[in-house]
Amino acid sequence: MTKVANILLINGPNLNLLGLREPNTYGKQTLPELIAHLEQVAKTLQINISHTQHNGEGQIVDAIHAAKETQQGIIINAGAYTHTSIAIRDALAGVTIPFIEVHISNVYKREPFRHYSYLSDQAIGVIAGLGVYGYEAALNFFNQYFME
């Protein structure tokens, strides 16, 4: 059995404030704590994970473009850009790397503008409302997805 070697985790705007911003919605775990946990999970699964967080749309697009040469999968929480960014959608479509869209909160229990995603129809899966466990679920899915 062959497992995926490299997964890129992309977090979008304001996710650097995890643990501080609206803890009732996003939890109390900080982004560095989450990344440390995911690195341990990835190690157990024999997956290499790299992480980037950007508040700017263009930086996220650049990260997606750079992933083409080295990554077999992407886990992306594009934050608010999920609902607004055709540029991120086009970047993901352009690199043709399988990706999973993750949302910490259940976007369907929130404001109506959050119910639409420019990314979902391109994703191999969407995880919403499981808290930060959604990232771990995405890693576990990729572990199965890339087994031959």
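Residues numbered from 1 in each chain as written. Predicted model: local features only at pLDDT ≥ 70, side-chain atom pairs only at ≥ 80, totals over all residues. Heavy atoms only, no water.

> Give a detailed account of the packing of aromatic side chains, specifying residues and quantitative values.
In this structure the tally under the stated criterion is 6 aromatic pairs. A ring pair is formed by F142 and Y145, whose centres lie 6.1 Å apart and whose planes are at 75°; its orientation type is edge-to-face. Of this pair, F142 and Y145 both sit in helix α5 (residues 133-145), 3 residues apart, which is roughly one turn of the helix. Relative accessible area serves as the criterion here: at 39%, Y145 is assigned to the partly exposed category. With a centroid separation of 5.4 Å and an interplanar angle of 25°, the aromatic rings of F142 and F146 are classed as stacked. Grouping residues by exposure puts F142 and F146 together as buried. (Phe/Tyr/Trp six-rings, centres within 6.5 Å; stacked < 30°, edge-to-face > 60°. Helix = DSSP H or I, 4+ residues; strand = E, 2+ residues; numbered from the N terminus. Buried < 20%, exposed > 50% of the residue type's maximum accessible area, 1.4 Å probe, protein only.)

> Which residues make up the nonpolar core, and what values do they have?
I75, Y135 and L139 are the most contacted members of the largest nonpolar core, which has 25 residues in total. At the level of secondary structure, the elements contributing two or more residues to this core comprise β1 (6-11), α2 (31-45), β4 (99-103) and α5. In terms of residue count, the dominant contributor to this core is α2 (7 residues). Residues I60, A78, L92 and I97 belong to the second largest nonpolar core, which totals 18 residues. (Core = buried A, V, L, I, M, F, W, Y, C linked by side-chain atoms within 4.5 Å.)

> How would you sum up the pattern of salt bridges? Please name residues and give values.
Throughout the structure, instances matching the rule amount to 2 salt bridges. The partner of E22 in a salt bridge is R21, with the nearest N and O atoms 3.3 Å apart. A salt bridge links D121 to R89; the shortest N-O distance between them is 2.5 Å. Taken together, the residues D121 in the loop between β4 and β5 (125-128) and R89 in helix α4 (residues 86-95) connect sequence positions 32 residues apart. D121 gets classed as exposed once you look at its relative accessible area, which sits at 54%. (Salt bridge = Lys/Arg side-chain N within 4 Å of Asp/Glu carboxyl O.)

> Now, about a nonpolar patch on the surface: what can you tell me, with residues and values included?
The grouping of I124, F141 and Y145 at the surface amounts to a nonpolar patch, some 260 Å² of accessible area in total. Among the residues examined, F141 registers a relative accessible area of 39% and is labelled partly exposed. (Patch = residues over 30% accessible without salt bridge, like charges linked within 9 Å, V, L, I, M, F, W, Y side chains within 5 Å. Areas by Shrake-Rupley, 256 points an atom, 1.4 Å probe, with all protein chains shown as cover.)

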